[in-house]
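For reference, the chains in residue letters:
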Amino acid sequence: MNFLTLLSCDELSRHLNRPDWRVFDCRHSLSDVESGEKAYAEGHVPGAFFLHLDRDLSGPMNGRNGRHPLPDPCCLASTLGATGVARDTQVVAYDDAGGMIAGRLWWLLRWLGHDRVALLDGGINQWMKEGRELSTELTQSVPCVFDIARRDWVVSTESVLANINKEGFCLIDARSPDRFRGENETLDPVGGHIPGARNRFFRDNLDDKGCFRHAAELRRDFLELLAGVEADKAVMQCGSGVTACHNLLAMEIAGLHGARLYAGSWSEWCADPARPVER
């Protein structure tokens, strides 16, 4: 069965009142973690619920598991169920950053076995640009049970360490080129990257309007980056496992399936000074 991956504002507008659709506002700023919720209160896509990156889409930090550890699957399932997301619900996620945060929800849902999830291409910026309605009403829903069918899509730090520079294991870092090189690091205490990693800045997946580039262009770029490595041998990472999901989404759009996530990413990796660093 083919599932939606990207959705236009026009397509979402036509389905807003369907009882089997749920929309989630995922706006977030790393420099002001309450700004997304404030923006939601000031105006959001009608019927949308708000999910916070730190509270809902991440688990607790312990100093060794990165800045945005994966949430406990049962906790996330409870949050989703409280908004009425069931197995046959079509979920739509959006933000105001080209899918930088919404892509995390897209991946998390698929990780839990829910394929009916799409990203609003262009996010709320495109929605507003098209002059579409905003709402300030808090959305209510009849809760239900969200069933988990978790997939084995997460790669551990131990596995990454064991496969450094191994043939057939392709680690792709979604951070900006300067941070990848170890320059201008402001979020983590150590600059640099995991030895052998390749760099694909997540923003290169977007056009100048903040929408995803055409599938053929993305496919060409990723095949060049993979350089003969099969897509299912690719492991995506970034600073904390969030923008890595953007690359996973881009690969899915490109028809390159099976890549996995190193969820702890650089922030987990560099927490142990014994792990090698490349600059």
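For the structure, check the block above.
First, a word on scope: everything that follows refers to the structure included in this document.

Rules and cut-offs
- Along every chain, residues carry numbers that run from 1 in the direction the sequence is written.
- Where local features are concerned, this predicted model is filtered to residues with pLDDT of at least 70; where side-chain atom pairs are given and counted, the filter is 80 or more; whole-chain, interface and lining totals use all residues.
- In computing side-chain values, all of the structure's heavy atoms are included and hydrogens and water are not.
- Side-chain rings of Phe, Tyr and Trp (the six-membered ring for Trp) are treated as a pair once their centres are within 6.5 Å; stacked means planes under 30 degrees apart, edge-to-face means over 60, and tilted covers the remaining angles.
- Numbering of helices and strands runs from the N terminus; a helix is a DSSP stretch of H or I covering at least four residues, while a strand is a stretch of E covering at least two.
- When accessible area is computed with a 1.4 Å probe and restricted to protein chains, residues below 20% of their type maximum are described as buried, those above 50% as exposed, and intermediate ones as partly exposed.
- Note on contacts: a residue pair qualifies if any of its non-hydrogen atoms lie within 4.5 Å across the two residues.
- One side-chain nitrogen of Lys or Arg within 4 Å of one carboxyl oxygen of Asp or Glu is enough to make a salt bridge.

We now examine the packing of aromatic side chains. Within this structure, the stated rule accounts for five aromatic pairs. Residues tyrosine 40 and phenylalanine 50 carry aromatic rings whose centres are separated by 5.6 Å and whose planes lie at 45° to one another, so their mutual orientation is tilted. Taken together, the residues tyrosine 40 in helix H2 (residues 35-42) and phenylalanine 50 in strand E3 (residues 49-50) connect sequence positions ten residues apart. For tyrosine 40, a relative accessible area of 6% corresponds to the buried category. Through a chain of ring-to-ring contacts, three or more aromatic side chains come together here, namely Trp107, Trp111 and Trp153.

We now examine helix H4 (residues 102-111). Note on helix geometry: an α-helix contains 3.6 residues per turn, so any two residues three or four positions apart are oriented the same way. Judged by how many residues are buried, H4 sits mostly within the fold: ten of ten residues are covered. Where the residues of H4 are buried, they touch strand E2 (21-25), helix H3 (73-82), strand E4 (90-94), strand E5 (117-120), helix H9 (244-253) and strand E9 (260-261). Where H4 terminates, the next one or two residues include glycine 113, which has phi positive at roughly 95°.

Evaluated as defined, the whole model comprises 20 salt bridges. The partner of glutamate 185 in a salt bridge is arginine 175, and the shortest N-O contact between them spans 3.5 Å. Placement of the pair is glutamate 185 in the loop between helix H7 (177-180) and strand E7 (198-199) and arginine 175 in the loop between strand E6 (170-173) and H7, with a sequence separation of ten residues. Residue class for arginine 175 comes out buried when judged on its relative accessible area of 3%. We note a salt bridge from arginine 200 to aspartate 221, for which the minimum N-O separation is 3.2 Å. Of this pair, arginine 200 sits in the loop between E7 and helix H8 (215-226) while aspartate 221 sits in helix H8, and the two are 21 residues apart along the sequence. Exposure remark for aspartate 221: the relative accessible area of 16% places this residue in the buried category. Overlapping salt bridges bring together Arg67, Asp173, Arg175, Arg179, Glu185 and Asp188 as one network.

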